[in-house]
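Single-letter residue listing:
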Amino acid sequence: MTGNPRAVGIIGLGSCVPERVLTNADLERMVDTTDEWIRTRTGIRERRIAADHEATSDLAAAAAQRALADAGLAATDVDLILVATLTPDMAFPATANLVQHHIGARAVPGFDLSAGCSGFVYGLTVGAQLVGTGLYQRVLVIGADVLSRITDWTDRSTCVLFGDGAGAAVLGSVPAGSGFLAFALGGDGAGAELLNLPAGGSRRPATADTVGHHLHFIRMQGNEVFKFGVRAMVDATIEALGKCGLTPRDIDLLVPHQANIRIMDAAARRLEIPLDRVFANVDRFGNTSAASVPIAFDQARREGRVKEGAIIVFVGFGAGLTWGATVLRWSEAPWKDR
Ligand code: UT7
């Protein structure tokens, strides 16, 4: 371990979504809903749905390979793999172990992190500490979820919201002054009932009865989660910025969890950030849970929205309840100087 924490940032980015597109028009034929309701209440037009043969580790591995290629690294350069997900391939082993094998990494440690839709922000926070101390050189942080497998396709209040996907970031050393500047995480199990998957764990193991009562699907009190989400994103953003002496005015690009365009707009209004500094792609992908922030950031960068030296804030909220934000000063230098 080095005595002084090193500057740590993102040195590679990648994402992967399944090919199959499910439009609002498709959903109109499945449940009692309308394209107009979905668009005006959520901002979503379409989402991607995994093929029968695709599981979380497949999308995660594809995103990881793209992030490694972007960083100019091989899978064998990775020292640790962290997968934020609430839809692991199976209860155990960890999806991170499956990804390690799939991409051909060395026999490096890997673990899954369960923090709902805040998972990627939690993962960045954990991964950055492990690089910052010098314990590991390069950490792969992946947010991946296949929510379509735990969606009740007869429940119109939830099934219109979600999509599948994965996003990955390679964390490593970056020039002093750039990289992660601050982190702020929170969690409160008092809100566990607002958003959960009731059965299939040790409290209510799977039985014919739990299956019959649709207890292996997402249950959500949407209105309550909406209010919490706005509050949590605003508070986490301000807290993280405060830790590095910045204010919302300093944000060049806010990359929020893509749950609902109205939640993002409300948070931006309260933070007094113009909407052109908030990146949103919920219209194309819906809510992809732990994958939403890295998918959005990967797209933003490819579209040229991420400038050298820019202050970027990633912010999320989700089941737990959990929330979190990280502040990053962007530098493309590591790619060029490698
Ligand atoms: O990643 C974190 C997890 N999730 C979220 O962040 C989701 C947070 N919540 C939300 O995004 C919003 O609360 C929803 C989009 C889920 C719902 O929007 P809302 O504006 O809060 O609507 P609501 O639940 O208050 O429902 C309004 C009406 C209800 O009808 P009545 O009772 O007013 O007659 C619902 O039954 O809309 C009805 N409704 C629908 N109508 C057409 C609910 N879902 C649908 C639907 N199509 N799909």
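These remarks concern the structure in this document. (Residues numbered from 1 in each chain as written. Predicted model: local features only at pLDDT ≥ 70, side-chain atom pairs only at ≥ 80, totals over all residues. Heavy atoms only, no water.)

With that settled, consider the packing of helix α3 (residues 56–71) against helix α4 (residues 95–103). Between α3 and α4, the least distance of the axes is 9 Å, while the angle of their chain directions is 55 degrees. Taken together, the axes of α3 and α4 are oblique relative to one another. With respect to the hand of their crossing, α3 and α4 are arranged in right-handed fashion. For the pair formed by α3 and α4, the contact residues are T56, S57, D58, A60, A61, A64, Q65 and L68 on the first element and T95, L98, V99, H102 and I103 on the second. A class-by-class count of the residues in the contact of α3 with α4 yields seven nonpolar, five polar and one charged. (Axes fitted to C-alpha atoms, helices over the stretch in contact; angles between N-to-C directions. Helix = DSSP H or I, 4+ residues; strand = E, 2+ residues; numbered from the N terminus. Parallel < 35°, antiparallel > 145°, perpendicular 65-115°, else oblique. Left-handed = near helix turned anticlockwise from the far one by under 90°. Contact = heavy atoms within 4.5 Å. Nonpolar A, V, L, I, M, F, W, Y, C, P; charged D, E, K, R; others polar.)

Here we take up the sheet that holds strand β1 (residues 8–16). Read across the sheet, five strands follow the order β1-β7-β6-β4-β5 without closing on themselves; strand pairing throughout is mixed. Edge strands, defined here as strands with exactly one partner in the open sheet, are β1 and β5 (110–113). With direction set aside, neighbouring strand axes in the sheet form an average angle of 20 degrees. As paired strands, β1 and strand β7 (residues 164–173) are joined by eight bridges and run antiparallel to one another. Looking across to β7, one finds that C16 is bridged to A166. (Pairing = 2+ DSSP bridges.)

This part takes up the site of the ligand. By nearness alone, 23 residues border the ligand, and T33, R41, H257, N260 and N287 come closest of all. Interatomic distance of 2.9 Å between a side-chain N/O atom of N223 and an oxygen atom of the ligand. H257 is positioned such that a nitrogen or oxygen atom in its side chain is 2.7 Å from an oxygen atom of the ligand. With the chains in place, 73% of the 940 Å² that the ligand exposes on its own is no longer accessible. Among the elements that take part in the shell around the ligand, helix α8 (residues 222–243) stands out by supplying four residues, more than any other. For the shell around the ligand, the class distribution of residues is eleven nonpolar, eight polar and four charged. Counting the residues that make up the shell around the ligand, at least three belong to each of domain 1 (8–177) and domain 2 (180–336). (Near = heavy atom within 4 Å. Polar contact = N/O pair within 3.5 Å; in protein donor to acceptor, adjacent residues only side chain to side chain. Areas by Shrake-Rupley, 256 points an atom, 1.4 Å probe, with all protein chains shown as cover. Domains from an automatic or database assignment.)

Three or more residues of helix α9 (residues 261–271) are buried, namely I263, M264, A266, A267, A268 and L271. Those residues of α9 that are buried lie in contact with α8, β11 (253–256), α10 (282–285) and β12 (311–318). Remark: E272 follows α9 within two positions and exhibits a positive phi of approximately 60 degrees. (Buried < 20%, exposed > 50% of the residue type's maximum accessible area, 1.4 Å probe, protein only.)

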